Amino acid sequence: MLTLLGVAAVVVGFAVRLNPLLVVVIAAFVTGLAAGMTPVAVLEAFGKAFNESRLITVAYLVLPMVGVVERAGIQEQAKKLMLRLRGVSVGPLLIAYLLFRQGTSALGLTSIAGQTQSIRPIVAPMAEGAVESHGGTLDDAERQRVKAMAAATDNVGLFFGEDIFVAIGSILLMVGFLATAGITLDPIHLSLWAIPTAIVAFLLHAARLLLFDRARRRGAAA
Amino acid sequence: MIRIGAVYVLAGLVFAAFAVLSAVDRNNSKRFGNAVFWGLVATSFLAGDLLGDLGNGVLVLGLALIAGFGLLGRGQPATTSPEERQALAERFGGKLFVPALVLPVVVIFGVLVLKPIELAGAPLLDPKQATLISLALAAVVATATGLILLRQPLMSPLQEGRRLMDTVGWAALLPQMLAALGAVFALAGVGDLIGRLVTSHIPMDARLTAVAVYCLGMAGFTVIMGNAFAAFPVMTAGIGLPILIRGFGGDPAVVASIGMLSGFCGTLMTPLAANFNLVPAALLELPDRYAVIKAQIPTALPLLVANVVLMYVLAF
C-alpha cells in the first residue's frame with residue numbers, strides 16, 4: 001500500500017501547484033523508497049528511463065521554423081485572413097480543423113499538424129480573428145478561452161482519429177497484450193471498432209464548438 | 001542508415017545554441033539559469049548514452065532543481081515589433097504559410113518516399129523511427145524555406161526558437177520526466193496494486209456495471225498515470241479479460257478498442273498528460289496552466305458515457 005504514496009504525492013503536488021518537475025522527482029523517490037529501493041537505485045532507474053524517453057523532447061525541433069514565420073508576421077496574417085473571410089465564424093472554422101486533424105490522424109499522419117506548428121502560429125490567431133470579424137470583442141479572459149478551445153480541438157481530433165490507423169502504438173499495444181492472453185486479433189478489427197467512438201467524439205465536440213460560437217456572438221450583441 | 005541518433009545530435013546542437021544565446025542575453029535577469037537548464041538538455045541529447053544511469057539521474061535532478069527554485073527566466077531576443085509584423089504580413093501575404101506547409105509535406109515525403117528506399121540492402125531511414133526522423137528533416141527544410149523566402153536574418157531561427165522555448169520553459173521537459181516516472185511506477189508495481197484495489201472492492205455481477213467499471217476505470221487510471229498505455233494492461237488484465245471477455249463473452253476487439261478510447265477521455269482531463277495539456281497552455285501563453293484541460297472536460301465526460309453505452313451495445 002505504501003507504494004501508492006507516490007501517486008498521492010503527484011496528486012497533492014499538482015493540486016497545490018508546486019513546480020511539476022520537482023513534483024515528479026519527489027514522487028519518483030517516494031515511490032521507489034516505499035518499494036524498498038535505495039535512493040541511488042531510484043536515481044539510476046529514473047535517469048535510465050529519462051534517457052530512453054528523449055524521443056518525446058525531439059518535437060521541439062519545429063520551434064525555430066515557427067519562430068521565423070512568427071517574426072515575419074504569420075499570426076497577423078492568419079488573423080487578417082479571417083477578417084477577409086467574413087462568412088466563417090469561429091465554430092465552423094474549428095470544426096473544419098477538427099475534421100482535418102481527425103481525418104489525417106486516421107490515415108496515420110499524426111505528425112503533420114499539432115499544437116506547436118499549427119495551433120500557436122495559425123489556428124489560434126485565425127480563431128481570434130474569426131471572433132473579432134463577427135463583432136466579438138476579446139478581453140484577456142475571452143482571448144484565453146478562444147485559444148484554449150483551439151488547443152482542445154487539436155487534442156480531440158488527434159486522440160479520436162489516430163486509433164483508426166492500424167499501425168499506431170496503442171493498437172500494437174492492444175494486439176500484443178491480447179496475444180499474451182491467448183487471443184489473436186487482426187489489428188484491423190481494433191481500428192474498425194474505434195470508428196463509432198470517433199464519430200461520437202466529432203459530433204460532441206462539433207456541437208460544443210457551435211455553442212461556443214453562439215455564446216461569443218451573444219456576447220457581441222449584448 | 002539514418003538512425004534516431006542523428007536526430008538527437010541535431011536536437012543537442014539546437015539546445016546547445018539556446019544555452020549559449022541565453023548566457024549572453026543581458027535582458028534576462030536569470031540568464032544563467034536558462035543557460036544551465038538548456039545546456040543540461042543539450043548534454044542529455046549529445047552525451048546521454050555516455051553518462052550512465054546515475055549520471056542521467058543527476059542531470060534530471062539538476063533540471064528539476066533549477067525549475068523548482070524558479071531559476072528559469074524568459075529570454076528577450078531582439079525581434080520584430082507588432083507594427084513591423086503587421087507591415088511584414090502585408091508584404092508577404094500568403095507566402096507566410098509556405099514554410100508551415102512545407103513541414104507536413106516533407107514529413108509525408110519522408111514516410112512515403114524515403115522510408116521504403118534501401119541502400120545496399122539497408123533501409124535509408126531506421127524503419128522504427130522513420131516518422132520522427134522525417135519530422136526532424138522537415139523542420140530543417142521548413143526553417144531554411146522560411147529564411148530564404150521571407151528573407152529573415154540567419155540567426156533568427158535560433159533566436160526566435162529560443163524565445164519560444166523560453167515561453168514553454170520547464171514545461172517542455174515535463175512529458176519526458178513523466179515518462180521516466182511511469183517507469184519507476186512500473187518498477188514499484190503501482191499499476192498492479194491499483195488494479196487489484198479496483199477489482200477486489202467493486203462487485204461486477206451485472207454486465208452493465210462491469211462495462212462501466214472497466215471504462216470509467218480506464219479513464220480514472222489514465223488520469224492518475226497520465227497515460228492510457230499504462231492503464232490498459234492493468235485494467236484489461238483485471239476486468240476486461242476475465243470478466244467482460246471470458247465471463248460475459250464480449251467481443252475482444254470491441255472491448256479493447258473502446259476501452260483504450262475511454263482511457264483517451266482520461267488523457268483529455270489530466271495535467272499528467274503534459275505534452276497535450278500543459279505544454280500547449282504554456283505555448284499559447286495562457287495564464288491558467290489548466291485552461292486547456294478545462295476546455296476539454298465538457299467533451300471528455302459525455303464521450304466517456306458514450307463509450308460505456310457503445311461498449312455495452314456493440315460488444316455483446
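The structure reproduced in this document is the subject of the present report. (Residues numbered from 1 in each chain as written. Chains lettered and ligands numbered in written order. Predicted model: local features only at pLDDT ≥ 70, side-chain atom pairs only at ≥ 80, totals over all residues. Heavy atoms only, no water.)

1. Side note on the overall build of chain B
As a reminder of what qualifies: Numbering goes from the N terminus for both helices and strands, where a helix is a DSSP run of H or I of at least four residues and a strand is a run of E of at least two. Each residue's exposure class comes from its accessible area (1.4 Å probe, protein chains only) as a fraction of the maximum for that residue type: buried when under 20%, exposed when over 50%, partly exposed otherwise. Shrake-Rupley sampling with a 1.4 Å probe provides the accessible areas, and residues are treated as covered by the protein chains on show and by no other component. In this tally, Asp and Glu contribute negative charge and Lys and Arg positive charge; neither His nor the terminal groups of the chain are included. Charge placement uses NZ in Lys and CZ in Arg. For Asp and Glu, CG and CD serve respectively.
Within chain B, the secondary structure is distributed over 13 helices and two strands. Referenced to the eigenvectors of the C-alpha coordinate spread, the extents of chain B come out at roughly 70 × 45 × 45 Å. A burial count over chain B gives 56% of its 316 residues as buried. With an accessible surface of roughly 12,500 Å², chain B has 67% of that area assigned to carbon and sulfur atoms. Mean positive and mean negative side-chain charge positions of chain B (18 and 15 charges, respectively) differ by 3 Å.

2. As for the nonpolar core
How we decide: In these notes, a set of buried Ala, Val, Leu, Ile, Met, Phe, Trp, Tyr and Cys residues joined through side-chain atoms within 4.5 Å is what counts as a nonpolar core. In what follows, a contact means two residues having at least one pair of non-hydrogen atoms within 4.5 Å.
Ranked by size, the top nonpolar core spans 178 residues in total, and within it Phe46 and Phe160 of chain A together with Phe37 and Trp38 of chain B carry the most contacts. Per element, the largest residue contribution to this core is 11 residues, and it comes from helix α2 (residues 31-68) of chain B. Ignoring sequence-local partners within four residues, the contact set of Phe46 of chain A consists of Val24, Val25 and Ala28 of chain A together with Val60, Met177, Ala180, Leu181 and Val184 of chain B.

3. A word on the pattern of salt bridges
When the charged atoms of two side chains with opposite charge come close together, those side chains can pair. Put simply, the test is: Any Lys or Arg side-chain nitrogen found within 4 Å of a carboxyl oxygen on Asp or Glu counts as a salt bridge.
Following the criterion strictly, the structure yields 19 salt bridges over all chains and no others. With a shortest N-O distance of 2.7 Å, Asp154 of chain A and Arg101 of chain A are connected by a salt bridge. Here Arg101 of chain A lies in helix α6 (residues 90-106) and Asp154 of chain A lies in helix α8 (residues 140-162), a separation of 53 residues in the sequence. The closest approach of N and O atoms between Glu160 of chain B and Arg163 of chain B, which form a salt bridge, is 2.3 Å. Of this pair, Glu160 of chain B and Arg163 of chain B both sit in helix α6 (residues 156-168), three residues apart, roughly one helical turn. When sorted by exposure, Glu160 of chain B lands in the same class as Arg163 of chain B, which is buried. Among the ionic contacts, a cluster of salt bridges with common partners joins Glu70, Arg71 and Arg120 of chain A together with Arg74, Glu160, Arg163 and Glu285 of chain B.

4. Some remarks on helix α12 (residues 274-283) of chain B
Residues and elements named next belong to chain B. Extensive coverage of α12 is indicated by the burial of eight of its 10 residues. Within the sequence span of α12, burial applies to Ala274, Asn277, Leu278, Val279, Pro280, Ala281, Ala282 and Leu283. Positive phi appears at Glu285, one or two residues downstream of α12, with a value of about 55°.

5. A word on the packing of helix α7 (residues 115-133) of chain A against α12 of chain B
Note the cut-off: To obtain an axis, a line is fitted to C-alpha atoms, over the contacting stretch when the element is a helix, and the angle between two such axes runs from 0 to 180 degrees between their N-to-C directions. Roughly parallel means an angle under 35 degrees; roughly antiparallel, over 145; roughly perpendicular, 65 to 115; everything else is oblique. It is the rotation of the near helix from the far one that decides the hand of a crossing: anticlockwise by less than a right angle makes it left-handed, clockwise makes it right-handed. All amino acids are sorted into three groups, where Ala, Val, Leu, Ile, Met, Phe, Trp, Tyr, Cys and Pro are nonpolar, Asp, Glu, Lys and Arg are charged, and the leftover types, Gly among them, are polar.
Between α7 of chain A and α12 of chain B, the shortest axis-to-axis distance is 10 Å and the interhelical angle comes to 40°. By the angle between their directions, the pair α7 of chain A and α12 of chain B is classed as oblique. The handedness of the crossing between α7 of chain A and α12 of chain B is right-handed. Taken together, the residues of α12 of chain B that come into contact with α7 of chain A (itself represented by Gln115, Thr116 and Arg120 of chain A) are Phe276, Pro280 and Leu283 of chain B. Taken together, the residues of the contact of α7 of chain A with α12 of chain B sort by class into three nonpolar, two polar and one charged.

6. Things to note about the environment of Ala171 of chain B
Mapped onto the secondary structure, Ala171 of chain B falls in the loop between α6 and α7 (174-188). Taking the C-alpha atoms as reference points, Ala171 of chain B and Ala281 of chain B, 110 residues apart in sequence, are found 9.5 Å from one another. Setting aside chain neighbours within four positions, we find Ala171 of chain B in contact with Tyr60 of chain A together with Val279 and Ala282 of chain B.

7. Overview of the interface of chain A and chain B
Rules: For any pair of parts, buried area is found by adding up, for both, the accessible area (1.4 Å probe) each one loses once the two are put together. Polar contacts, as used here, are pairs of N or O atoms within 3.5 Å; protein pairs need one atom able to donate a hydrogen and one able to accept it. Residues neighboring in sequence count only if both atoms are side-chain atoms.
The interface is formed by 101 residues belonging to chain A together with 135 residues belonging to chain B. Taken together, the two surfaces of chain A and chain B that pack against each other cover about 10,500 Å², and 77% of this comes from carbon and sulfur. One salt bridge connects Glu90 of chain B with Lys80 of chain A, and the closest N-O pair in it is separated by 3.1 Å. Linking chain A to chain B there are 26 residue pairs in polar contact (both at pLDDT 80 or more). Per-element accounting of the side of chain A that touches chain B gives the leading share, 12 residues, to α8 of chain A. Class assignment for the residues of the side of chain A that touches chain B results in 65 nonpolar, 23 polar and 13 charged.

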